[in-house]
Amino acid sequence: MSNRVVHKRRATITDLPLYYSGHLRKKLTKEKDFKKYYGELRGATLFLYKDDTQDTYTEKLHLGQLKSMQLHSPYQKKTPTIFTLTLQTEEVQLQMDNSVTGEEWRGYILTVVKKEIPSKLQLLPGQMLQLQDALDQERRRNPTTQRPELPPRPLFLCTPSPFQSPPASASPSSTPPKDKTDNSPEIPACFFHVSRKEAEHMLKVNPECGSIILRPSTLANNYALTLRQQTSSGPILKNFRVTSTNVGFVIELDTAVTVSSLNEVLNYFLEKTEYRLHPFIASQPYDTHIDMSPVPNVLTTVPKAQVAPMLRSETKEKLPLPPTNQDDGDYVMPDDHDPKLKSVQMDRELEAVLKLRRESHTETEEVNTNQSSEKPPSAAVHWSGNSSTI
């Protein structure tokens with residue numbers, strides 16, 4: 001395969017403009033030895049190939065997440081130049097053959113990431129013009145706008161997932177971010193805030209619920225898609241990365257595909273699999289048996305009412321004195337302290353009592369007289385017999 005075909009193939013796969021390329025070495029800070037690669041800076045991504053003849057990249061670095069780029073040692077003409085790149089999740093070291101090549105790499109990387117040419121670059125005027133052309137092309141391709149934030153989780157997914165272990169302690173970072181903009185992308189119903197391992201477990205345990213899960217990626221502001229596909233040799237699990245950019249979402253396949261929303265990401269996979277897969281929707285449990293309600297307990301006896309005991313007065317009530325018959329011409333003086341009035345009142349009360357007794361005595365004698373006159377005739381004969389005998 002000729003170099004021209006290789007470069008054309010790379011441009012088709014990455015779908016990004018080429019700004020700079022060359023041989024370099026790369027390793028992580030925890031690794032000991034550097035590995036040789038052929039690097040291409042396309043857009044804000046550094047693609048690494050095993051050699052210049054390979055059309056598919058082996059690794060790539062997202063330089064849009066670059067925090068800093070530091071020179072490991074001072075420039076020297078005959079010694080390699082080493083840069084330490086601090087990314088969002090890792091630190092990478094790049095080694096160039098000499099200081100001239102190292103300065104070019106530094107200029108292009110910082111220009112693409114910062115959207116401006118760094119000051120104090122040790123480059124020739126022709127190199128600076130090429131760097132300006134790359135900057136103009138990158139600004140047209142990727143205008144400077146605020147990167148969209150990770151969309152918030154749907155409300156019905158805010159509760160902990162049964163497949164996700166609960167956090168050790170609640171913290172503000174565990175709560176979903178608030179939607180600050182009205183034009184945030186819509187989230188499909190198959191989006192779950194789970195890891196790759198948890199997503200694969202959900203698809204294995206519940207195949208009837210679906211075969212595609214969208215989830216957050218380990219990289220900030222990116223996503224991943226996990227699917228379970230049935231093959232002749234059995235079900236297999238695959239994971240795909242979806243990169244969030246200012247112009248949309250990039251599905252990182254052999255030929256990168258850019259769509260405008262997460263729903264289109266889902267639709268793309270559905271179309272490519274001829275709709276044999278479907279989104280994962282968590283099933284809700286339903287009851288299948290109706291239980292009879294128990295009969296309420298009814299009281300068979302009426303509870304007795306508690307009545308407070310009657311309080312009797314310790315002092316007997318005094319009966320009122322009988323009224324006295326007063327003549328029409330007599331008047332009662334209001335002064336109770338007059339001794340003459342008291343004696344007159346007592347005399348009248350005594351006369352009233354005596355009068356009542358006489359009346360009662362008279363009634364008693366009348367009753368006895370009536371009883372004696374009503375005796376039977378036998379009694380009269382008896383007494384007469386006795387008198388004749390005598």
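Residues numbered from 1 in each chain as written. Predicted model: local features only at pLDDT ≥ 70, side-chain atom pairs only at ≥ 80, totals over all residues. Heavy atoms only, no water.

The chain is annotated in an unreviewed UniProt entry as Signal-transducing adaptor protein 1 of Champsocephalus esox.

Draft legend 1. Molecular detail of the sheet that holds strand β1 (residues 18–28). In space, the seven strands of this open sheet follow the order β4-β3-β2-β1-β7-β6-β5, with antiparallel pairing throughout. Edge strands, defined here as strands with exactly one partner in the open sheet, are β4 (59–62) and β5 (68–71). With direction set aside, neighbouring strand axes in the sheet form an average angle of 35°. Of the pairings in the sheet, the one linking β5 to strand β6 (residues 81–86) comprises four bridges and is antiparallel in character. Note that in β6 the partner of glutamine 70 across the bridge is threonine 84. Where helix α1 (residues 3–14) meets the sheet, its contacts fall on β2 (35–42) and β3 (45–49), and the angle it forms with β2 comes to roughly 65°. (Pairing = 2+ DSSP bridges. Helix = DSSP H or I, 4+ residues; strand = E, 2+ residues; numbered from the N terminus. Axes fitted to C-alpha atoms, helices over the stretch in contact; angles between N-to-C directions. Contact = heavy atoms within 4.5 Å.)

Draft legend 2. Local environment of helix α2 (residues 99–114). Here α2 contains 16 residues, and its C-alpha end-to-end distance of 22 Å stays within 8% of the 22 Å for a straight helix at 1.5 Å per residue. Counting buried residues along α2, 13 of its 16 residues qualify, which places the element largely inside the surrounding structure. Where α2 begins, the capping side chain belongs to asparagine 98, and its oxygen is found 3.2 Å from the backbone nitrogen of valine 100. At the exit of α2 stands lysine 115, carrying a positive phi of roughly 60°. (Expected span 1.5 Å × (residues − 1). Buried < 20%, exposed > 50% of the residue type's maximum accessible area, 1.4 Å probe, protein only. Polar contact = N/O pair within 3.5 Å; in protein donor to acceptor, adjacent residues only side chain to side chain.)

Draft legend 3. Quick peek at the pattern of salt bridges. All chains considered together, the criterion is met by 10 salt bridges. Put simply, glutamate 138 and arginine 141 hold a salt bridge, and the shortest N to O gap is 2.8 Å. Here glutamate 138 pairs with arginine 141, and both are found in helix α3 (residues 125–141), just three residues apart, close to one helical turn. Given a relative accessible area of 31%, arginine 141 falls into the partly exposed group. With a closest N to O distance of 3.3 Å, glutamate 274 and arginine 276 form a salt bridge. (Salt bridge = Lys/Arg side-chain N within 4 Å of Asp/Glu carboxyl O.)

Draft legend 4. Main features of the pairing of β6. A large share of β6 lies buried, amounting to six of its six residues. Burial of the side chains of β6 extends over both faces: Thr81, Phe83 and Leu85 are buried on one face and Ile82, Thr84 and Thr86 on the other. Direction of pairing for β6 relative to strand β7 (residues 91–96): antiparallel, over a ladder of six bridges. Bridge assignment links threonine 81 to a residue of β7, and that residue is methionine 96.

Draft legend 5. Spotlight on the confidence of the model for the chain. For the chain, per-residue confidence averages 77 on the pLDDT scale, and 69% of positions sit at 70 or higher. Highest mean pLDDT in the chain belongs to strand β8 (residues 212–216) (94); lowest belongs to helix α7 (residues 377–389) (46). Here residues 153–159 is a poorly scored stretch, pLDDT under 50, and it has 11 contacts once near neighbours within four places are set aside; other chains count. Contacts of residues 378–390 to residues separated by more than four positions or lying in other chains number zero contacts, the stretch itself having pLDDT below 50. (pLDDT = per-residue confidence, 0-100.)

Draft legend 6. Quick look at the environment of proline 279. Relative to the elements of secondary structure, proline 279 occurs in the loop between α5 (262–272) and α6 (339–373). Considering only alpha carbons, one finds proline 279 and proline 188, 91 residues apart in sequence, at a separation of 8.8 Å. In contact with proline 279, not counting residues within four places along its chain, are Cys190, Cys209, Gly210, Ser211, Ile212, Leu266 and Leu270.

Draft legend 7. Broad picture of the sheet that holds β8. An order of β8-β9-β10-β11-β12 is seen for the five strands of this open sheet, with the pairing classed as antiparallel. Taken across any chain shown, the strands that pair with only one partner, and hence form the sheet edges, are β8 and β12 (257–259). Going across the sheet, the axis of each strand differs from the next one's by a mean of 25°, ignoring polarity. Note: strand β10 (residues 234–244) against strand β11 (residues 249–251), three bridges, orientation antiparallel. Pairing of valine 242 across the sheet is with isoleucine 251, part of β11. The strands that α5 touches are β8, β9 (223–231), β10, β11 and β12; relative to β11, the one it contacts most, it runs at about 20°.

Draft legend 8. Fine view of the pairing of β9. Summarising the sheet, β8 and β9 pair through five bridges and their orientation is antiparallel. Bridge pairing links proline 216 to tyrosine 223 in β9. The turn linking β8 back onto β9 is made up of six residues, and asparagine 221 within it adopts a positive phi angle of 60°. By the bridge criterion, nine bridges tie β9 to β10 in an arrangement that is antiparallel. Bridge pairing in β10 places alanine 224 opposite arginine 241. The hairpin formed by β9 and β10 contains two residues between the paired strands.

Draft legend 9. Quick peek at the nonpolar core. Leu41, Leu63, Leu66, Leu94, Trp105 and Ile109 are the most contacted members of the largest nonpolar core, which totals 29 residues. Counting residues per element, the ones that place at least two in this core are β1, β2, β3, β6, β7, α2 and α3. Listed in part, the 19 residues of the second largest apolar core include Leu214, Ile251, Val265 and Leu270. (Core = buried A, V, L, I, M, F, W, Y, C linked by side-chain atoms within 4.5 Å.)

Draft legend 10. Structural view of the environment of isoleucine 117. Its place among the elements puts isoleucine 117 in the loop between α2 and α3. What makes isoleucine 117 partly exposed here is its relative accessible area of 24%. The spacing of isoleucine 117 and methionine 128 is 11 residues in sequence and 8.8 Å in space, taken between C-alpha atoms. Contact partners of isoleucine 117, with chain neighbours within four places excluded, come to Thr111, Met128, Leu131, Gln132 and Leu135.

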